[in-house]
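# An overview of the molecular structure
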Amino acid sequence: MNIIKKLQNQTVGNNRSLIFKKLIVWLPVILMYIVIFSFSGQNGEQSGGLSRKVAGVLVDTADKLNIIVVTDDNREIYIENCQFPIRKTAHMTEYAILGMLVLTALIIDGVILKAAVYISVFITFLCACTDEFHQLFVPGRSGQFTDVLIDTTGCIIGVVIYYFIFSLIKNKIINKK
């Protein structure tokens, strides 16, 4: 019996239970978007400070591992050069996670895997658009369409990884039978 028929056969008494199940399925998506939205709500100084801290840790770690040689003269240059890739990698990672969570919720809701892949990318793209729009109103921040594309690329990477892992697991289960 497909999901639509199951939903149609629900009695009024089960509506609360169905709503609760839907909420539980989509709660991780909502929580992840709240995390993303809160990071985007940081003003330019706060956001830059966070990137700078992460860059400092990476530079110091690379120095301790003898990957680079850090001196008082070049430490700031290394930190400055790391901040942009750190910010964009963070964007991609956040949206890879969001995309995988949306995909999971859609699959649990009964959407066919291939359709769920496209729908999850579209939903995540819309989330990225609203997030960048939100940044237009945050002091020291700006909304950039290039960031929407970076976010969507992160989503696509996450969804592709998920899709292949899901397909491998599904094929193993089918082959065992």
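The structure this text deals with has already been given above.
Residues numbered from 1 in each chain as written. Predicted model: local features only at pLDDT ≥ 70, side-chain atom pairs only at ≥ 80, totals over all residues. Heavy atoms only, no water.

What follows is about the overall build of the protein. When you go through the protein residue by residue, the secondary structure sums to 6 helices and 0 strands. When the helices and strands of the protein are read in sequence order from the N terminus, they spell out α-α-α-α-α-α. On C-alpha atoms alone, the protein measures out to a radius of gyration of 21 Å, which is more than a quarter above the 16 Å that the 2.2 N^0.38 rule sets for 177 residues. The burial tally for the protein puts 31% of its 177 residues in the buried class. Within the protein, counting contacts between residues at least 6 apart in sequence, those at least 24 apart form 69% of the total. (Helix = DSSP H or I, 4+ residues; strand = E, 2+ residues; numbered from the N terminus. Rg over C-alpha atoms; globule rule 2.2 N^0.38 Å. Buried < 20%, exposed > 50% of the residue type's maximum accessible area, 1.4 Å probe, protein only. Contact = heavy atoms within 4.5 Å.)

Counting 22 residues, the largest nonpolar core has Tyr95, Leu98, Leu103, Ile107 and Val159 as the members making the most contacts within it. Breaking this core down by element, the ones donating at least two residues are α2 (15-40), α4 (75-108), α5 (113-135) and α6 (145-176). For this core, the element with the most residues is α4, which contributes 7 residues. Other than its neighbours up to four places away in sequence, Ile107 contacts Leu113, Ala116, Tyr162 and Phe166. Formed by 5 residues, the second largest nonpolar core is a distinct cluster that contains Ala55, Val59, Ile79 and Ile86. (Core = buried A, V, L, I, M, F, W, Y, C linked by side-chain atoms within 4.5 Å.)

The next point concerns α6. For α6, built from 32 residues, the straight-helix expectation of 46 Å at 1.5 Å per residue is met to within 8% by its first-to-last C-alpha distance of 46 Å. Of the residues making up α6, those classed as buried are Asp147, Val148, Asp151, Thr152, Gly154, Cys155, Gly158, Val159, Tyr162 and Ser167. The elements touched by buried residues of α6 are α4 and α5. (Expected span 1.5 Å × (residues − 1).)

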